[in-house]
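Inside the fold
These are the residues of each chain, in order.
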Amino acid sequence: MKALVALILLVQLPIHKAVPAAPPAPLGCDDPESEAAAEAAVNYINGHSHHGYKFALNRIEDIRVVPQGPNNDIIFLELDLLETKCPILSPTPLANCTVRSFTEHAVEGDCDVKLQKVDGILSVLASKCHSHADSSEDILKVCPDCPLLASLNNTEVLETVSAALNDYNSKTTDSYLRLLEIGRAKIQYYPAHVVATEFAVGATNCSAEEAKANVGACQLLPEDQSNFGFCTAVMVKRPSQDLQVDCQLYGHQVPAPDPSLLSWVFQPTGQDTSAGLAPSAVGVTNHNLGLFHNNPVASESSSSEILRSKLSAKSVTKRAVAEAAQHDKVPRPVGFVPPPPPCPGKIRHFDI
């Protein structure tokens, strides 16, 4: 009898089914974890770029996390970057680099980055970037008299760089400098005719005096002695004739620039060799980030997956926005303030 009662009581006991854990809330673009991933991505992008200038984070456009297992996530980021005033070869930390203002004809970079986070450690698997200067129309609306970016193979730009290098090399007692690449140039016609240029340089194995005898023999210093720098030059052509040149050498740094860069821009030529001006170093749109990179030491590296995931993430975002719109039709209590959307994040500098 007792056994029968126990059986009846057991049958009557409620059965508690295991409730699956709710999925974690989506990561917001301004969450600390997102900002840490973005910082790692920007450092990686600048570390693998060999032209132009360093870029700084302006906004996290989107983030998507795909769990791979315990303490192992794949992270997809969409980033909006802005060009700084620090050349890519400059040893200045990015935190100390000034972002170019809107009226200086700002340059924006758009990047898709794939990272992996294992036991809290972030590593970049692949990245793809492109950049563009803001439209001339937008600049002129705000600042009608601001000079715009000029083509790097513009005749006046090349003349200014050549004259500037000649001027500097004629006055220095140190190493003869050779042009690496022209980074930026602007031409102003009113109220004065002014050409302003910025360009990267490298010290050669010749002194400026030795270069006068045989400039063709002057080659960049070997990697273990390399010394790169950056110059600005302003030439006033009207109403007066004036040239101002300022060059700063950074000293030997490790690692040196990508060897493929050296073989590309430093070929001795017969054109303007008195100024160390090689045709292969000009005509390049150095403000174009143009980075497409797979990390060869990463455990995963499929750049095409970045694009597929980007499209997938955008479709998910669109669905979420549509669902939120439907959800917002439900009456809310007076004073209710809906939480901000997780993405895109805040703008750190300005929108272009």
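About the cut-offs
- Residues numbered from 1 in each chain as written.
- Predicted model: local features only at pLDDT ≥ 70, side-chain atom pairs only at ≥ 80, totals over all residues.
- Heavy atoms only, no water.
- UniProt positions renumbered as here; feature names shortened; annotations may be inferred.
- Helix = DSSP H or I, 4+ residues; strand = E, 2+ residues; numbered from the N terminus.
- Expected span 1.5 Å × (residues − 1).
- Contact = heavy atoms within 4.5 Å.
- Polar contact = N/O pair within 3.5 Å; in protein donor to acceptor, adjacent residues only side chain to side chain.
- Buried < 20%, exposed > 50% of the residue type's maximum accessible area, 1.4 Å probe, protein only.
- Disulfide = S-S within 2.5 Å.
- Core = buried A, V, L, I, M, F, W, Y, C linked by side-chain atoms within 4.5 Å.
- Salt bridge = Lys/Arg side-chain N within 4 Å of Asp/Glu carboxyl O.
- Pairing = 2+ DSSP bridges.

Per an unreviewed UniProt entry, the recorded name for the chain is FETUA protein, and the organism is Prunella himalayana. According to UniProt, the comment filed for the chain under the heading Subcellular location (unreviewed entry) is "Secreted".

Attention shifts here to helix H4 (residues 155–171). The first and last C-alpha atoms of H4 sit 25 Å apart over 17 residues, in line with the 24 Å expected at 1.5 Å per residue. Packed against the buried residues of H4 are strand E6 (175–188), strand E7 (193–207), helix H5 (208–213), strand E8 (228–238) and strand E9 (242–251). Sitting at the amino-terminal end of H4 is Asn154, which places a side-chain oxygen 2.8 Å from the backbone nitrogen of Glu156.

Over its 16 residues, helix H2 (residues 32–47) extends 22 Å from the first C-alpha to the last, a length consistent with the 22 Å expected when each residue adds 1.5 Å. The set of residues buried in H2 consists of Ser34, Ala37, Ala38, Ala41, Val42, Tyr44, Ile45 and Asn46.

The subject of this paragraph is the environment of Ser151. Mapped onto the elements of the fold, Ser151 is located in the loop between strand E5 (148–149) and H4. Using a relative accessible area of 42% as the deciding quantity, one classes Ser151 as partly exposed. Separated by 35 residues in sequence, Ser151 and Lys186 place their C-alpha atoms 8.3 Å apart. Among the polar contacts made by the side chain of Ser151, one reaches the side chain of Asn153 at a distance of 2.5 Å.

Moving on to the state of the cysteines. Under the definition given, this model contains six disulfides. Put simply, Cys29 and Cys343 are joined by a disulfide, and their sulfur atoms are 1.9 Å apart. Looking down the S-S bond of the Cys29 and Cys343 bridge, the torsion is 100 degrees, so its handedness is right-handed. Residue Cys29 is found in the loop between helix H1 (2–12) and H2, and its partner Cys343 is found in the segment after helix H7 (303–327); the two are separated by 314 residues along the sequence. Of the residues examined, Cys29 reaches a relative accessible area of 0% and is grouped as buried. One disulfide bridge connects Cys111 with Cys129, the sulfur atoms lying 2.1 Å from each other. Here the disulfide of Cys111 and Cys129 is right-handed, its torsion about the S-S bond being about 115 degrees. Separated by 18 residues along the polypeptide, Cys111 in strand E3 (residues 107–118) and Cys129 in strand E4 (residues 121–133) bring together distant segments of the chain.

With that settled, consider the nonpolar core. Leu57, Ile60, Leu77, Leu79, Leu81, Cys111 and Val113 are the most contacted members of the largest nonpolar core, which totals 23 residues. Contributing elements (two or more residues each) for this core: H2, strand E1 (53–69), strand E2 (72–87), E3 and E4. Considering every element that reaches this core, the biggest residue donor is H2, with six residues. Sequence-distant contacts of Leu79, that is, excluding residues within four places in its chain, are made with Ala38, Ala41, Val42, Leu57, Arg59, Ile60, Glu61, Gly109, Asp110, Cys111 and Val113.

Another point: the pattern of salt bridges. For the coordinates displayed, the defined rule picks out 10 salt bridges. Between Arg100 and Glu83 there is a salt bridge, with the nearest N and O atoms lying 2.9 Å from each other. In this pair, Arg100 is assigned in the loop between E2 and E3 and Glu83 in strand E2, connecting sequence segments 17 residues apart. Residue Glu83 is classed as buried on the basis of its relative accessible area, which comes to 1%. Between Lys171 and Asp167 there is a salt bridge, with its nearest N and O atoms 3.2 Å apart. Within this pair, Lys171 and its partner Asp167 are both found in helix H4, separated by four residues, close to a single helical turn. Overlapping salt bridges, with partners in common, bring together Glu83, Arg100, Arg184 and Glu198 in one network.

Before going further, it helps to spend a moment on the environment of Ile63. Topologically, Ile63 is positioned in strand E1. Not counting the four nearest positions on each side in its chain, Ile63 is found in contact with Leu27, Gly28, Cys29, Ser34, Ile75, Phe76, Leu77 and Cys343.

To continue, consider the pairing of E8. Bridging between E7 and E8 involves 10 bridges; their strand directions are antiparallel. From the neighbouring strand, Ala200 faces E8, where its bridge partner is Phe230. Alignment of E8 against E9, held across nine bridges, turns out to be antiparallel. Counterpart to Val234 in the pairing with E9 is Gln244. A loop of three residues connects E8 with E9, the two strands running antiparallel in sequence.

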